[in-house]
Amino acid sequence: MDAYDIIKYISESEKQTPARVYLKGEIEGLDLSMFKEVYRGVDHVLVIDQWTKIEIFLKMHHENVHAARIDIDRRNSAVPLLDIKGINARIEPGAIIRDKVLIGDKCVIMMGAVINIGSEIGEGTMIDMNVVVGGRVIVGKHCHIGAGSVLAGVVEPPSAEPVRIGDNVVMGANAVVLEGVQVGEGAVVAAGAVVTQNVEPYTVVAGVPARVIKKVDDKTKSKTELVEALRNL
């Protein structure tokens, strides 16, 4: 998706404030059929629907509902989470992946990773813990994006170019790649580096701002080798 497609999708989407509400009280005779989901427990009823609808119900029946626990984790959300049931990848608990994201086969998405709308993650790539992959970022195949790294997104301004990470790139922990930067195939980005300019293929960059320190050699390859077994499903 380009930026204008994403902006159109967000602006035209029906904003959602889903709620899970546990009800206790004299509710056996109340009509709950208007709610999207209703689950009856031993001493309570769980209803799931939009908060606006549930809020009206609670005001109408406040005398019958003696207690209500209300769980709301978003407000006027424009982008749902990605449906991951059919994705052939390892996605660990706590990862947040928004809709309109492409996840390649045998990817690994670790705990706390955030992947924003319009991004693409190539086959066999690992997105490590607490990585932020911004909107429209493209990450190639068989990469490792180190824990805590940030790949800056560019939904706005819409004219900006997205971050592009080539195949077989290894990034150390807490590295940052700024908007529009391209990191070439086989490059290595050292931990903590802030990449403000394009990186040539098979080069090693480090520092703030990141600068080329050498070409990738056999010693570098031995220290940045990816383990295929971690990608087995």
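Look above for the structure.
Every value quoted in this text rests on a predicted model; they were computed, and no experiment measured them.

Asks: Please provide a residue-by-residue account of the sheet that holds strand β1 (residues 18-25), values included.
Replies: As a general point, the strands of a sheet are linked pairwise by backbone hydrogen bonds and lie either parallel or antiparallel. With antiparallel pairing, the four strands of this open sheet are ordered in space as β2-β3-β1-β4. With one partner strand each, in any of the chains shown, β2 (37-40) and β4 (65-71) form the two edges of the open sheet. Recorded for the sheet is a direction-independent mean angle of 20 degrees between the axes of neighbouring strands. Direction of pairing for β1 relative to β4: antiparallel, over a ladder of six bridges. Counterpart to V21 in the pairing with β4 is I70. This element, helix α2 (residues 51-60), spans β1, β3 (45-50) and β4 of the sheet and lies at about 130 degrees to β3.

Asks: Give me the lowdown on the sheet that holds strand β19 (residues 182-183), citing residues and values where you can.
Replies: On the basis of which strands lie adjacent, the open sheet formed by five strands has the order β7-β10-β13-β16-β19 and parallel pairing. The two strands at the open ends of the sheet, each matched to only one other strand, are β7 (102-103) and β19. Both β7 and strand β10 (residues 120-121) contribute to a ladder of two bridges, which runs parallel. By the bridge assignment for β10, L102 is matched with E120.

Asks: For unusual backbone geometry, give the residues involved together with the corresponding values.
Replies: Backbone torsion omega between E156 and P157 reads -5 degrees, so that peptide bond is classified as cis. You can see P157 is positioned in the loop between β15 (150-151) and β16 (164-165). Cis geometry marks the peptide bond from V208 to P209, where omega comes out at -5 degrees. Along the chain, the position of P209 falls in the loop between β22 (203-206) and β23 (211-215). Positive phi, normally seen in glycine, also occurs at K106, with a value near 60 degrees. You can see K106 is positioned in the loop between β7 and β8 (108-109). Notably, N130 is not glycine yet its phi reads approximately 65 degrees, a positive angle. Here N130 shows up in the loop between β11 (126-127) and β12 (132-133).

Conventions and cut-offs
- Residues numbered from 1 in each chain as written.
- Predicted model: local features only at pLDDT ≥ 70, side-chain atom pairs only at ≥ 80, totals over all residues.
- Heavy atoms only, no water.
- Pairing = 2+ DSSP bridges.
- Helix = DSSP H or I, 4+ residues; strand = E, 2+ residues; numbered from the N terminus.
- Axes fitted to C-alpha atoms, helices over the stretch in contact; angles between N-to-C directions.
- Contact = heavy atoms within 4.5 Å.

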